[in-house]
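Listed below are the residues making up each chain.
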Amino acid sequence: MFPMPTVFVAGSMNMDLIASVDAFPAPGQTLIGNSLATLPGGKGLNQAVAASRAGAHVAFYGCLGNDAFGRELRHFAAAEGIDVSHVGQSNTAATGTAIITVAQKCNGENHIVVIPGANHELMPVDLAPSLWRGTAADVLLLQFETPIPTVAAALAAAKATGTLTIVNASPAMPSAIEILRRADVVIVNEDELVAYALGSSAGGSIAELAKSAAGLCATPDQAWVVTLGKRGAMVVRSETEALIVPGFSVEAVDTTGAGDCFAGGLAARLADKCQWREALQYANAAAALSVTKPGAAPSMPLAAEVRGWLGSQPA
């Protein structure tokens, strides 16, 4: 029996406060909402749950506040089978929160305001030597909702052991492009790609987006993965033709966390030594299924669900 693929995730843990409305309010306008939900989220936690439900053993590195939200998030992650023994606790900052408005008449699109709180107390010293203590990872998955020096420290620690490193370069931070050059895989959506390419692919075709992504590759081996929504996703290297897989058309209920579902699913499949096409198809399908349910982390599908749904799709 082969061991489970192992994914380390270092990143944010937020409590999401999700308001459901029919349409987004105009500036200065007050609307009556439909409902309010309080659900686990944060890019790091979303991706960790997606990877765990995709069949990977996941260890999480983050920081929570000493408050009710922090205790609830820690319990939720542990119940998902995620190793939370490296999640720290701040006694000075509150647990991170996100204020999310989901517009049902806008195909489930959302507006999000993130208050980082304790997420910004995840420091380089928390990751550099201790990240690899007692175990090894197949993949390290990072995002930009924790301090950039911490991301850099984690990349350096992983590189020293030959671990595959993936950075979901979101939210877009063009000033951090030098950090991205150190990653094996970079994941962005179209808007983020435009930001890192300094606008050169704004409004472009898939071919133009692929050209911009290829231009950002720091080495011939570095891969940039670009999510394209309903158009699918592609992986690009500087010296090879882009590999593009088609997307899926589903009835969206809530798009919150879809990109995180893609990143976590992709990390799990790459940790399991899948080829790029299979990994992208799985990640695409997982993300599509996630938007058919409300919430972020709780909407991540199980591997059996994704594979069964993929098998039911037309060839």
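Structure shown above.
Basis of the calculations
Residues numbered from 1 in each chain as written. Predicted model: local features only at pLDDT ≥ 70, side-chain atom pairs only at ≥ 80, totals over all residues. Heavy atoms only, no water. Axes fitted to C-alpha atoms, helices over the stretch in contact; angles between N-to-C directions. Helix = DSSP H or I, 4+ residues; strand = E, 2+ residues; numbered from the N terminus. Parallel < 35°, antiparallel > 145°, perpendicular 65-115°, else oblique. Left-handed = near helix turned anticlockwise from the far one by under 90°. Contact = heavy atoms within 4.5 Å. Nonpolar A, V, L, I, M, F, W, Y, C, P; charged D, E, K, R; others polar. Pairing = 2+ DSSP bridges. Buried < 20%, exposed > 50% of the residue type's maximum accessible area, 1.4 Å probe, protein only. Disulfide = S-S within 2.5 Å. Phe/Tyr/Trp six-rings, centres within 6.5 Å; stacked < 30°, edge-to-face > 60°.

J.: I'd like to hear about the packing of helix α1 (residues 43-53) against helix α7 (residues 258-271), residue by residue, with values.
T.: Relative orientation of the contacting elements α1 and α7 amounts to 45 degrees, with a least axis distance of 7 Å. When the axes of α1 and α7 are compared, the pair comes out oblique. Crossing angle aside, the handedness with which α1 passes α7 is right-handed. Where α1 approaches α7, its residues Lys43, Asn46, Gln47, Ala50 and Ala51 are matched on the opposing element by Asp260, Cys261, Ala263, Gly264, Gly265 and Ala268. Looking at the contact of α1 with α7 residue by residue, the class counts come to five nonpolar, four polar and two charged.

J.: Tell me what's going on with the packing of helix α8 (residues 276-290) against helix α9 (residues 303-312), and back it up with residues and numbers.
T.: Packing of α8 against α9 leaves a shortest axis separation of 9 Å and a crossing angle of 100 degrees. Considering their axes alone, α8 and α9 lie roughly perpendicular with respect to each other. Only Ala303, Glu305, Val306, Arg307, Trp309 and Leu310 of α9 make contact with α8, whose side of the interface consists of Gln281, Tyr282, Ala285, Ala286, Ala288 and Leu289. A per-class count over the contact of α8 with α9 returns nine nonpolar, one polar and two charged.

J.: Residue-level account of the sheet that holds strand β6 (residues 96-103), with values.
T.: Pairing is mixed in the open sheet, where four strands are placed in the order β3-β2-β6-β7. Lying at the two open borders of the sheet, with one neighbouring strand each, are β3 (35-41) and β7 (110-115). Along the sheet, successive strands turn relative to each other by an average axial angle of 20 degrees, direction set aside. Taken together, the eight bridges between strand β2 (residues 14-21) and β6 define a ladder with parallel strand orientation. Paired with Met15 across the strands is Thr97, a residue of β6. Along the sheet face, helix α2 (residues 68-79) touches β2, β3 and β6 and points at about 95 degrees away from the line of β2.

J.: Explain the pairing of β2 to me, and be specific about the residues and the numbers.
T.: Sheet faces and side chains relate simply in a regular strand, where the side chains alternate between the two faces. Judged by how many residues are buried, β2 sits mostly within the fold: six of eight residues are covered. Where β2 lies against β3, seven bridges are found, and the strand directions are antiparallel. Within β3, the residue paired with Asp16 across the bridge is Leu39.

J.: Outline the state of the cysteines, supporting the account with residue identities and numerical values.
T.: Tallied over the entire structure, the rule returns zero disulfides. Among the cysteines around Cys261, which has no disulfide bond, Cys274 carries the closest sulfur, lying 15 Å off.

J.: Any details on the packing of aromatic side chains? Residues and values, ideally.
T.: In this structure the tally under the stated criterion is three aromatic pairs. With centroids separated by 6.1 Å and ring planes inclined at 70 degrees, the aromatic side chains of Tyr196 and Trp224 adopt a geometry described as edge-to-face. With Tyr196 in helix α5 (residues 190-196) and Trp224 in strand β11 (residues 223-227), this residue pair connects regions lying 28 residues apart in the sequence. The same class applies to Tyr196 and to Trp224, which are both buried.

J.: Please give an account of α1 that cites residues and values.
T.: For α1, the buried fraction is high: eleven of the eleven residues fall into the buried class. Taken together, the buried positions of α1 are occupied by Lys43, Gly44, Leu45, Asn46, Gln47, Ala48, Val49, Ala50, Ala51, Ser52 and Arg53.

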